[in-house]
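A look at the structure
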Amino acid sequence: MAKKLLIVESPAKAKTIEKYLGGDFAVKSSYGHIRDLEKGNDLGVDVDNGYKPNYVVPADKYKTVKELKEAASRSEEVWLATDEDREGEAISWHLCQVLGLDERTTKRIVFHEITKPAIQRAVQSPRMLDLDVVNAQQARRVLDRLVGWELSGLLWKKVKGQLSAGRVQSVAVKLIVEREREIQQFKTTPYFRVTADFLAKNSQGKTVSFRAESPTRFDNGPDAETFLKKCVGAGFKVDHIEVKPTRRRPAPPFTTSTLQQEASRKLGMSVNRTMSVAQSLYEQGLITYMRTDSTNLSELALQSIGAEVIKPFGPRYHHERRFKTKNESAQEAHEAIRPTYAENPSAGNNRDEQRLYELIWKRSVASQMADAELEKTTVDIGISTQPGAKLVAEGEVLKFDGFLKLYLESTDDEEEETQGMLPPLSVGQALDLDAMTATERYTRPPARYTEAGLVKKLEELGIGRPSTYAPTITKIMEANRGYVVRDSRPGEERIFQILTLKNNEIKKTSGKEITGATKNVLYPSDMGMIVCDFLDQHFRQIMDYGFTAGIEKRFDDIAEGKLDWAKMIDGFYRPFHQTVEKTLKEADRASGERILGTDPETGRTVLVRMSSLGKPVVQIGSGEELDKKEKPRYANLKPGQTLETVSLEEALASFALPKTLGDHEGQEVSVGAGRFGPYVKFGDTFISLPKGEDPFDVTLERAVQLIQARQEADKPLGYFENQPITKGKGRFGPFVKWTDLFVNIPARYNFDRLTEKEAIELIQAKIEKEANRYIQHWPEENISIENGRWGPVIKFGKNFIQLPRVDGAKMTADQARSLELADVKKVIETEIPGAFDKKKAPAKGKKA
């Protein structure tokens, strides 16, 4: 039996480390955090007692904790080996608290890579827990809970239920909202760009074409045409040549944020997917720790990477570099992300792992390669008929490829042009003009953020840390929040003018281009904009970029032992809480209402706003315009329309639904839009349109296709006890329906080829499970005592409530079976005060 127990966060990491340690150690996993702040109806923080956190072990960690306690009791000594960042330090501290270990003497080992030498070195030099780092993590967790809890509760009352807000996530949404408004307010203006194609002999004596451009932009077509007219019959010669050597240096090895950005650009991976794949590579011992602000490489890494450069490319390509981390407050792991073994150019168990590993390997190796050497040539070309004007040609020659032989960093700039070689030219040389073109172009608004661009901006502003980028972006894109969507949208066709001078004649033509098309960029939703505006109006400090970055600096000070975390929280929370209370009392409900004009048919007000269900709607009629008991008319906005940009004409067009398309099988077919989205109606049957399909574009033929697909899906799959079995797909996935029973179809079954026998098996299993589900059931009260995973539990509506203990032990099923309804109601009332209070109906004629 092993004498020592080593605890890590993940089973994959445990499996890898166990191979490197002898029989003295048993390695177990905590599966991440084993404790967290209490959830549910409790804030989880005692604000009147030094902000003491109320940590609890979640139900899904009971088994893990039990196993760790048993393993610890069998061991002579317990060591901790969680990640070397604040989250890892906090996990180790929680393990000490739960397992009864002395946090001042328990040994803690750290490493940046899971290799045999690194693990063995760590075991030789253990350290103790850094409680300052633990306090920094606690401060972040407590502050984020306080802000999230209070702001989310406020949004539920002032905007819509189920919304959330947070110290970092709300600022991230603000960045996207502000960028969208920049784009909406941007005034596109045309201009003309003049280029000229000249002919000259290359070094082989062959006539080749090269391009020059006027450094002057022309504001309109007449000015551009005037310039071209002055060039009719003109002579062109080389006035000046400048040859300038330049260098391009390789980018540093990856930090967390640069890995997320480059994986997004080069591999098309989301930020969340990148971190998941990187985590797997780290736990397999293939790369160093993936949450880091550092660009530093260890001496051993520099040597091994240098050898990998020299071996295939030669010593000319090697240049040892020691990068200095720009972020001086970096408190994550202290080495860049690199391969643990540079001699392995490829690794990984699946396609994503292989692609990400190769990206990390190339970036790391390229960082230790020589500069690329280039020669840039700039040629000024004079125009005989316009002494004050010139054309400029630029060319670039790669003299030595250096690191470019292996790797080139990507950017978000879509219009980066590569410059080619120029033919040999000399000052005074006359040039033959092939053609000169003035092309109409348009100024462009700033680009919307991609996930990579948002990470870059958050890092530039000092908001968040490597461990927070991925969860922040994932949070704001959650469907139930609806603040931000990642989308690709088609553009619009635009006509532009072209003026061409050739053979001393000017011709006018036009061209077509698509403008405004986007791919995988972040759009704020109407709800995101309304919530952002509401928070910005009432909590300007919270939404301030500098203030949010300043909070990060205070967390760094706590980690360095310079600041007491409870005092830091108190200085923030007291005034913040007062603002929440004031806003709760004084602020109006936020709906994003905007009056568009008047309905020409009724003369009533047309406005758009967010409904109480969280859907953007158009409304005709409001207030005194309506007769007694008359309700306004409502319609949904079309896909792609927003509350801030929709016009009166577009809003009125929304009332064209529902509309009749025709008849099918003797019944009317219509298309409409309801509270659950657009639909086709056939008789009494409503069929939802597929996501993204515009109801205004639906034809009778398309509607019949959907009707026939529904009819085919509704055909009985078979029969059980003389009742038909049908199948379908709902919001929770594929299901089988029998009488009033819905049964989810597990992934191991093929939905399209599900047989009657398989369906009956699922139904019988569900019936048996339901029969064993209830210990007691009072359907008229919406109360039951059910067999839960960890023992009997009360279910009241959608709430699950723990039963009280009996003599210090959990209540058994037999004991729960003997409870009266009155006893159960008392338990519910204790947990949910006022659960059974009956609201009195208001007196007739009075408002509730």
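Being a predicted model, the structure only gives us computed values, none of them experimental.

A tally of helices and strands in the protein yields 21 helices and 34 strands. If one aligns the C-alpha atoms of the protein with their principal axes, the spans along those axes are about 105 × 85 × 60 Å. Across the 848 residues in the protein, those meeting the buried criterion constitute 46%. Within the protein, contacts between residues at least 6 apart in sequence are counted, and of these 67% link residues at least 24 apart. On the protein, roughly 45,400 Å² of surface is accessible, and the fraction owed to carbon and sulfur atoms is 48%. Positive and negative side-chain charges of the protein, numbering 128 and 125 respectively, have mean locations separated by a distance of 1 Å.

A few words on the packing of aromatic side chains. As enumerated under the stated definition, the model contains 17 aromatic pairs in all. Residues Phe539 and Phe576 carry aromatic rings whose centres are separated by 5.9 Å and whose planes lie at 50 degrees to one another, so their mutual orientation is tilted. Of this pair, Phe539 sits in the loop between helix H14 (526-538) and helix H15 (545-559) while Phe576 sits in helix H16 (residues 565-586), placing them 37 residues apart in sequence. Look at Phe576 and you get buried, because its relative accessible area is 5%. Relative to Phe576, the ring of Phe572 lies with its centre 5.3 Å away and its plane at 20 degrees, an arrangement referred to as stacked. In this pair, Phe572 and Phe576 both sit in helix H16, four residues apart, roughly one turn of the helix.

A few words now on the side chain of Glu89. In this fold, Glu89 is placed in helix H3 (residues 86-99). Of the polar contacts made by the side chain of Glu89, one reaches the side chain of Arg108; its length is 2.7 Å. The contacts of Glu89, once residues within four sequence positions are left out, are Thr82, Asp83, Arg108, Arg127, Met128, Leu129, Asp130, Val133 and Val134.

Two strands pair when backbone bridges link them, and strand S28 (residues 723-730) and strand S29 (residues 733-738) are joined in this way by six bridges, in the antiparallel orientation. Residue pairing across strands places Lys729 opposite Pro734, the latter belonging to S29. Taken together, S28 and the strand that follows it, S29, pair antiparallel across an intervening segment of two residues. In the sheet, S29 pairs with strand S30 (residues 741-744) via four bridges, with the strands oriented antiparallel. If you follow Lys737 over to S30, its bridge partner there is Phe742. Joining the antiparallel neighbours S29 and S30 is a turn of two residues, in which Thr739 adopts a positive phi near 50 degrees.

Okay, the pattern of salt bridges next. Taken as a whole and assessed by the stated rule, the structure comprises 56 salt bridges. Measuring nitrogen to oxygen at the nearest pair gives 3.1 Å for the salt bridge that ties Asp239 to Lys237. What makes Asp239 partly exposed here is its relative accessible area of 39%. Through salt bridges with shared partners, one network takes in Arg247, Arg249, Arg316, Arg321, Asp371 and Glu373.

This part covers the sheet that holds strand S27 (residues 718-720). Spatial ordering of the open sheet is given by S27-S28-S29-S30, a layout of four strands whose pairing is antiparallel. Either end of the sheet is taken by a strand with one partner, and the two such strands are S27 and S30. Put simply, the sheet's adjacent strands are angled 40 degrees from each other on average, direction ignored.

Read across the sheet, four strands follow the order S2-S1-S7-S8 without closing on themselves; strand pairing throughout is parallel. Looking at the sheet topology across the chains shown, the edges are occupied by strand S2 (25-29) and strand S8 (107-108). In terms of strand pairing, strand S7 (residues 77-80) meets S8 through two bridges, oriented parallel. Its bridge partner being in S8, Trp79 is matched across the sheet by Lys107.

Our next topic: the environment of Leu501. Note on placement: Leu501 falls in strand S16 (residues 492-502). Considering only alpha carbons, one finds Leu501 and Ala438, 63 residues apart in sequence, at a separation of 8.5 Å. The contacts of Leu501, once residues within four sequence positions are left out, are Leu228, Cys231, Val232, Leu433, Ala435, Met436 and Ile506.

Now for the packing of helix H8 (residues 256-267) against helix H9 (residues 271-283). Two elements in contact, H8 and H9, have axes whose closest approach is 9 Å; the angle formed by their N-to-C orientations is 115 degrees. In the crossing of H8 with H9, the sense of the turn from one axis to the other is right-handed. Contacts from Thr256, Leu259, Gln260 and Ala263 of H8 reach H9 at Val271, Thr274, Met275 and Ala278. Classifying every residue of the contact of H8 with H9 gives five nonpolar, three polar and no charged.

The next point concerns H8. The periodicity of an α-helix, 3.6 residues per turn, causes residues three or four places apart in sequence to face the same way. Its twelve residues place the ends of H8 16 Å apart at the C-alpha level, agreeing with the 16 Å of an ideal helix rising 1.5 Å per residue. Along H8, nine of the twelve residues are buried, which leaves the element largely enclosed by surrounding structure. Residues Thr256, Ser257, Leu259, Gln260, Gln261, Glu262, Ala263, Ser264 and Leu267 constitute the buried set of H8. Just past H8, the residue Gly268 takes up positive phi, approximately 70 degrees.

The sheet contact formed by strand S31 (residues 774-778) and strand S32 (residues 783-788) spans four bridges and is antiparallel. Directly across from His777, in S32, lies its bridge partner Ser784. Turn length for the S31-S32 hairpin, with the two strands adjacent in sequence and antiparallel, is four residues, and the turn residue Asn782 shows positive phi of about 60 degrees. Pairing between S32 and strand S33 (residues 791-796): six bridges, direction antiparallel. Directly across from Ile783, in S33, lies its bridge partner Phe796. Connecting the antiparallel pair S32 and S33 is a turn made up of two residues.

Turning next to the nonpolar core. With 148 residues, the main nonpolar core has Leu356 and Ile569 as its most contacted residues. It is helix H5 (residues 131-158) that contributes the most residues to this core, eleven residues altogether. Counting residues in each nonpolar core, the second largest holds 27 residues, with Phe198, Ile383, Leu422 and Leu501 among its members.

Next up on the list: the packing of helix H2 (residues 62-73) against H3. Relative orientation of the contacting elements H2 and H3 amounts to 70 degrees, with a least axis distance of 11 Å. Taken together, the axes of H2 and H3 lie roughly perpendicular to each other. Contacts from Val65, Leu68 and Lys69 of H2 reach H3 at Leu95, Val98 and Leu99. Split by residue class, the contact of H2 with H3 holds five nonpolar, no polar and one charged.

Let us look at unusual backbone geometry. With an omega of -5 degrees, the peptide bond between Leu657 and Pro658 qualifies as cis. Mapped onto the secondary structure, Pro658 falls in the loop between helix H17 (648-653) and strand S23 (659-664). The backbone of Tyr31 shows a phi angle near 55 degrees, a positive value even though the residue is not glycine. On the secondary structure map, Tyr31 appears in the loop between S2 and strand S3 (36-37). The partly exposed category is assigned to Tyr31, whose relative accessible area is 47%. The phi dihedral of Asn503 falls on the positive side, at around 55 degrees, and the residue is not glycine. One can find Asn503 in the loop between S16 and strand S17 (505-515).

Another point: the side chain of Ser670. Inspection of the secondary structure puts Ser670 in strand S24 (residues 667-674). When residues no more than four places from it in sequence are discounted, the contact partners of Ser670 are Lys659, Thr660, Leu661, Tyr679, Val680 and Lys681.

Each value, and the rule that gives it
- Residues numbered from 1 in each chain as written.
- Predicted model: local features only at pLDDT ≥ 70, side-chain atom pairs only at ≥ 80, totals over all residues.
- Heavy atoms only, no water.
- Helix = DSSP H or I, 4+ residues; strand = E, 2+ residues; numbered from the N terminus.
- Buried < 20%, exposed > 50% of the residue type's maximum accessible area, 1.4 Å probe, protein only.
- Contact = heavy atoms within 4.5 Å.
- Areas by Shrake-Rupley, 256 points an atom, 1.4 Å probe, with all protein chains shown as cover.
- Lys, Arg positive; Asp, Glu negative; His and termini not counted.
- Charge placed at Lys NZ, Arg CZ, Asp CG, Glu CD.
- Phe/Tyr/Trp six-rings, centres within 6.5 Å; stacked < 30°, edge-to-face > 60°.
- Polar contact = N/O pair within 3.5 Å; in protein donor to acceptor, adjacent residues only side chain to side chain.
- Pairing = 2+ DSSP bridges.
- Salt bridge = Lys/Arg side-chain N within 4 Å of Asp/Glu carboxyl O.
- Axes fitted to C-alpha atoms, helices over the stretch in contact; angles between N-to-C directions.
- Left-handed = near helix turned anticlockwise from the far one by under 90°.
- Nonpolar A, V, L, I, M, F, W, Y, C, P; charged D, E, K, R; others polar.
- Expected span 1.5 Å × (residues − 1).
- Core = buried A, V, L, I, M, F, W, Y, C linked by side-chain atoms within 4.5 Å.
- Parallel < 35°, antiparallel > 145°, perpendicular 65-115°, else oblique.

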